[in-house]
Amino acid sequence: MRASLQNFVRSLSGLSSNVLNCGDILKQSRIFTSSDIGEFSKLTLDFNPLHFDSECAKLAGFADTPVPGLLVASLFPRIIASHFTGAVYAKQILEFKSPVFTEEHITGVVQASAIRQVKNKFMVKFETKCLKDDGRVVISGEATAVLPNLIVVQP
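Not measured: the values here are computed from a predicted model. (Residues numbered from 1 in each chain as written. Predicted model: local features only at pLDDT ≥ 70, side-chain atom pairs only at ≥ 80, totals over all residues. Heavy atoms only, no water.)

1. A look at the pattern of salt bridges
By the definition in use, this model includes five salt bridges. Ionic pairing is found between arginine 30 and aspartate 36, a salt bridge with its closest N-O pair at 2.8 Å. Salt-bridge contacts for aspartate 134 lead to arginine 136; the nearest nitrogen and oxygen are separated by 3.0 Å. (Salt bridge = Lys/Arg side-chain N within 4 Å of Asp/Glu carboxyl O.)

2. So, the pairing of strand 4 (residues 105-118)
In this structure, strand 2 (residues 25-31) lies alongside strand 4, joined through seven bridges in antiparallel fashion. Looking at the pairing, glutamine 28 lines up with glycine 108 of strand 4. Two elements, strand 4 and strand 5 (residues 121-132), share twelve bridges in a ladder whose sense is antiparallel. Residue glutamine 117 lies in a different strand from strand 5, and its bridge partner there is phenylalanine 122. Between strand 4 and the antiparallel strand that follows it, strand 5, lie two residues; lysine 119 among them carries a positive phi value of about 55°. (Pairing = 2+ DSSP bridges. Helix = DSSP H or I, 4+ residues; strand = E, 2+ residues; numbered from the N terminus.)

Without other data, these values stay purely geometric and don't point to any function.
Printed below as a string of structure tokens:
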């Protein structure tokens, strides 16, 4: 198993039952590696030197080469999909607040803020954020997912 996946931590908080309610929080953590950045860049064909060349990153005002923001934000659909079988990720709004660097422990948090039943499915709006260990928010936003039901699966 890859090192970054070995550092993957799952947790649930605020759940009073196995049925999702407004206010419930789901979390997952991981550490991004240089290898993750390389694989992400190959997959997306985004070879921005900012993420590979420390001099380029320093000229742009970063202390080191940052992890691509969308790679960090990928925690949000991962959290939702791992807890709701058949989830469809429908919408994402992101605000990048602070850079993430390799080997930093990052926790993705999604909190259900609105649940609406549409026919036999559920539209769920989540408030989203990624945090560093010191509590600093590095990404905030919101996501909407279409869920076939509100049963929270333990990954």
